[in-house]
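# A look at the structure
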Amino acid sequence: MRQARADDYAEFALARAGHLYRSACLLTAGDTHLAEDLVQEALGRLYVRWGRVSRVENPAGYAQTVLTRTFLAHQRRRSSTERATDTFPDRAAADGGHGDLSLRLTLLQALARLPAKDRAVIVLRYWEDRSVEDTAEALNASSAAVRTRCTRALGRLRELLGEDLGEYATP
């Protein structure tokens, strides 16, 4: 029985790790090292509770919620000696055939300038395509608070990026 549950968890973790990592990269505004740490911590928390988690209606949604809460907890306990930066380290000039590299970097930089909770709302609502109610549940907030935060976060992104994002997509 115990081995079957471990195998079930391993299969789930293998199937969801990539998606969780992509979401974590967005939450961390491109900090891939922190994203890896968050995914590892979230998967560890899921493993501990896998007996219960495997019986919920949507384990993938539950995993996303654990990841988001892990990210928010990390933001709250971040050391006062750490300083966020709005610059990225040097990257290779070749975009590997992806013409939207400058758009991606611009969006990640803009996301990095949002507060953690605003970033979480944007990622859950628009990257994860969750409803307002699902987002509110994941963040332990009311639906009204999520709608307000979403409106303000989108407004802030528009201020940072301008109304027309198409200009960033040109090579």
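Higher on the page you've got the structure.
Remember, it's a predicted structure, so these values are computed and weren't measured experimentally.

### Remarks on the packing of helix α6 (residues 116-127) against helix α7 (residues 132-139)
For the pair α6 and α7, interaxial distance at closest approach is 9 Å and the crossing angle is 140°. Here α7 runs oblique to α6, going by the angle between their axes. Here the hand of the crossing between α6 and α7 comes out right-handed. Counted together, Ala120, Val121, Leu124 and Arg125 of α6 and Val132, Thr135, Ala138 and Leu139 of α7 form the full contact between these two elements. Residue composition of the contact of α6 with α7, grouped by class: 6 nonpolar, 1 polar and 1 charged.

### What to know about the packing of aromatic side chains
For the structure on display, the rule yields 3 aromatic pairs. Geometrically, the ring pair formed by Tyr9 and Tyr47 is edge-to-face, given 5.0 Å between the ring centres and 70° between the ring planes. On the criterion of sequence distance, the pair formed by Tyr9 in helix α1 (residues 2-27) and Tyr47 in helix α2 (residues 32-48) is long-range, its members being 38 residues apart. On the accessibility criterion, Tyr9 (11% relative accessible area) is buried.

### Things to note about a positive patch on the surface
Together, Arg2, Arg5, Arg49, Arg52 and Arg55 give the surface a local cluster of positive charge. Following the sequence through the fold, Arg5 ends up in helix α1. Given a relative accessible area of 45%, Arg5 falls into the partly exposed group.

### So, unusual backbone geometry
Residue Ala29 is not a glycine yet carries a positive backbone phi of 55°. For Ala29, the location among the structural elements is in the loop between α1 and α2. The phi dihedral of Asp129 falls on the positive side, at around 60°, and the residue is not glycine.

Rules used throughout
- Residues numbered from 1 in each chain as written.
- Predicted model: local features only at pLDDT ≥ 70, side-chain atom pairs only at ≥ 80, totals over all residues.
- Heavy atoms only, no water.
- Axes fitted to C-alpha atoms, helices over the stretch in contact; angles between N-to-C directions.
- Helix = DSSP H or I, 4+ residues; strand = E, 2+ residues; numbered from the N terminus.
- Parallel < 35°, antiparallel > 145°, perpendicular 65-115°, else oblique.
- Left-handed = near helix turned anticlockwise from the far one by under 90°.
- Contact = heavy atoms within 4.5 Å.
- Nonpolar A, V, L, I, M, F, W, Y, C, P; charged D, E, K, R; others polar.
- Phe/Tyr/Trp six-rings, centres within 6.5 Å; stacked < 30°, edge-to-face > 60°.
- Buried < 20%, exposed > 50% of the residue type's maximum accessible area, 1.4 Å probe, protein only.
- Patch = residues over 30% accessible without salt bridge, like charges linked within 9 Å, V, L, I, M, F, W, Y side chains within 5 Å.
- Areas by Shrake-Rupley, 256 points an atom, 1.4 Å probe, with all protein chains shown as cover.
- Salt bridge = Lys/Arg side-chain N within 4 Å of Asp/Glu carboxyl O.
- Lys, Arg positive; Asp, Glu negative; His and termini not counted.
- Charge placed at Lys NZ, Arg CZ, Asp CG, Glu CD.

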